[in-house]
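Each chain, letter by letter, is given below.
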Amino acid sequence: MNDRPQYILLPANSLFIAASIICAFLLNLLPWDHWYGVPDFVALVLVFWSIHQPRKVGIGIAFMMGLLMDVHNASLLGEHALSYTLLSYFAIMIHRRVLWFRLLTQAAHVLPLLLLMQGVQLVVRLLVSGKFPGWLYFLESVTAAALWPMVTILLLAPQRRAIDRDETRPI
């Protein structure tokens, strides 16, 4: 039997969604591009909201955030936009199935999506420059998948209702 408490989530606040995407973008702006294993925070937050709120965060927002990341990284315009768009599309495709699983199993479902995103970016870079960054390049996706449970708990926290309802609280 399932011993976890069942939460009925409040509707997601659009301002909170926007703030989380902006915070993820600001984390990506930090100068750790040359470190291996640092996750793409924008991709992680985009896949999270594409799974949990596919009607509010979809392919259009993923495309716009991809363009912003392309401008920030001074990379080929459209590289991140294409990969984030595909990431969001496939996350929306599997969002109903993923939500049935526990957090670690959800992370196992998110990992191939993140690897696909990095694979698309790698193919574009190989076509343009011909330089392979090495296999440690994919450590970014593994780190992001390992952060999935923490990101899920953090981003769903404002939507959770209390299990033991107090009559003095309005909600």
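Parameters at a glance
Residues numbered from 1 in each chain as written. Predicted model: local features only at pLDDT ≥ 70, side-chain atom pairs only at ≥ 80, totals over all residues. Heavy atoms only, no water. Helix = DSSP H or I, 4+ residues; strand = E, 2+ residues; numbered from the N terminus. Rg over C-alpha atoms; globule rule 2.2 N^0.38 Å. Buried < 20%, exposed > 50% of the residue type's maximum accessible area, 1.4 Å probe, protein only. Contact = heavy atoms within 4.5 Å. Areas by Shrake-Rupley, 256 points an atom, 1.4 Å probe, with all protein chains shown as cover. Lys, Arg positive; Asp, Glu negative; His and termini not counted. Charge placed at Lys NZ, Arg CZ, Asp CG, Glu CD. Core = buried A, V, L, I, M, F, W, Y, C linked by side-chain atoms within 4.5 Å. Patch = residues over 30% accessible without salt bridge, like charges linked within 9 Å, V, L, I, M, F, W, Y side chains within 5 Å. Salt bridge = Lys/Arg side-chain N within 4 Å of Asp/Glu carboxyl O. Phe/Tyr/Trp six-rings, centres within 6.5 Å; stacked < 30°, edge-to-face > 60°. Axes fitted to C-alpha atoms, helices over the stretch in contact; angles between N-to-C directions. Parallel < 35°, antiparallel > 145°, perpendicular 65-115°, else oblique. Left-handed = near helix turned anticlockwise from the far one by under 90°. Nonpolar A, V, L, I, M, F, W, Y, C, P; charged D, E, K, R; others polar. Expected span 1.5 Å × (residues − 1). Arc of directions from axis to C-beta.

Asker: How would you explain the overall build of the chain if you had to name every residue and give the values?
Answerer: Along its length, the chain carries six helices and zero strands. For the chain, the α and β elements follow one another from N to C terminus as α-α-α-α-α-α. For the chain, the C-alpha radius of gyration of 17 Å lies close to 16 Å, the compact-globule estimate for 171 residues. Its C-alpha atoms put the chain at 65 × 35 × 30 Å along the principal axes. Relative to its 171 residues, the chain shows a buried fraction of 40%. For the chain, restricting intrachain contacts to residue pairs at least 6 apart in sequence, the fraction spanning at least 24 positions comes to 71%. Of the roughly 10,300 Å² of accessible surface on the chain, a fraction of 69% belongs to carbon and sulfur atoms. Looking at the chain, you have 12 positive and 9 negative side-chain charges, and the mean spots of the two groups are 8 Å apart.

Asker: Describe the nonpolar core, listing the residues and the values that go with them.
Answerer: Membership of the largest hydrophobic core comes to 35 residues, with the highest contact counts inside it found for Ile21, Val42, Leu46, Val47, Trp49, Tyr84 and Trp148. Elements with a minimum of two residues in this core: helix 1 (14–29), helix 2 (41–52), helix 3 (59–73), helix 4 (79–98), helix 5 (103–128) and helix 6 (139–156). It is helix 2 that provides the largest number of residues to this core, a total of 10 residues. Not counting the four nearest positions on each side in its chain, valine 47 is found in contact with Leu87, Ala91, Val110, Leu113 and Trp148.

Asker: Provide a residue-level description of a nonpolar patch on the surface, including the pertinent values.
Answerer: Where nonpolar side chains cluster on the molecular surface, the patch consists of Tyr36, Leu136, Leu139 and Val142 and spans about 380 Å² of accessible area. Within the fold, tyrosine 36 resides in the loop between helix 1 and helix 2.

Asker: Can you break down the environment of lysine 131 residue by residue, with the values?
Answerer: Among the structural elements, lysine 131 can be located in the loop between helix 5 and helix 6. Through-space distance from the C-alpha of lysine 131 to that of alanine 144 is 24 Å; in sequence the pair is 13 residues apart.

Asker: I'd like a description of the side chain of glutamate 79, backed by residues and values.
Answerer: Position of glutamate 79 relative to the elements: it lies in helix 4. In this structure, glutamate 79 is in contact with Asp70, Gln121, Val124 and Arg125, ignoring residues within four places of it in sequence.

Asker: Which residues make up the packing of aromatic side chains, and what are the values?
Answerer: Inspection of the entire model under this criterion finds nine aromatic pairs. Ring centres of phenylalanine 132 and tryptophan 135 lie 5.1 Å apart, and the angle between their planes is 70°; this geometry places the pair in the edge-to-face category. Ring plane angle 75° and centroid distance 5.4 Å describe the contact between tyrosine 137 and phenylalanine 138, whose orientation is recorded as edge-to-face. For tyrosine 137, a relative accessible area of 9% puts it in the buried group. Among the aromatic residues, those joined into a ring-pair cluster are Phe16, Phe48, Trp49 and Trp148.

Asker: Residues and numbers for the packing of helix 3 against helix 4, please.
Answerer: Close contact between helix 3 and helix 4 brings their axes to 7 Å; oriented N to C, the two are set at 150°. By the criterion of interaxial angle, the relationship of helix 3 to helix 4 is roughly antiparallel. In this structure, helix 3 meets helix 4 at a crossing whose hand is right-handed. Side by side, helix 3 and helix 4 meet where Ile59, Ala62, Phe63, Met65, Gly66, Leu67, Met69, Asp70 and Asn73 of the first sit next to Glu79, His80, Ala81, Tyr84, Thr85, Ser88, Tyr89 and Ile92 of the second. Its residues assigned to classes, the contact of helix 3 with helix 4 comprises 10 nonpolar, five polar and two charged.

Asker: Give a description of helix 3 that names residues and reports values.
Answerer: For helix 3, built from 15 residues, the straight-helix expectation of 21 Å at 1.5 Å per residue is met to within 8% by its first-to-last C-alpha distance of 21 Å. Taken together, the buried positions of helix 3 are occupied by Ala62, Met65, Gly66, Met69 and Asp70. For helix 3, the arc enclosing every buried residue in end-on projection is 150°, short of the 170-degree limit, so these residues lie on one face. Of the residues in helix 3, the exposed ones pointing more than 90 degrees away from the buried face are Gly60 and Val71. Looking at the buried positions of helix 3, the neighbouring elements they touch are helix 1, helix 2 and helix 4.

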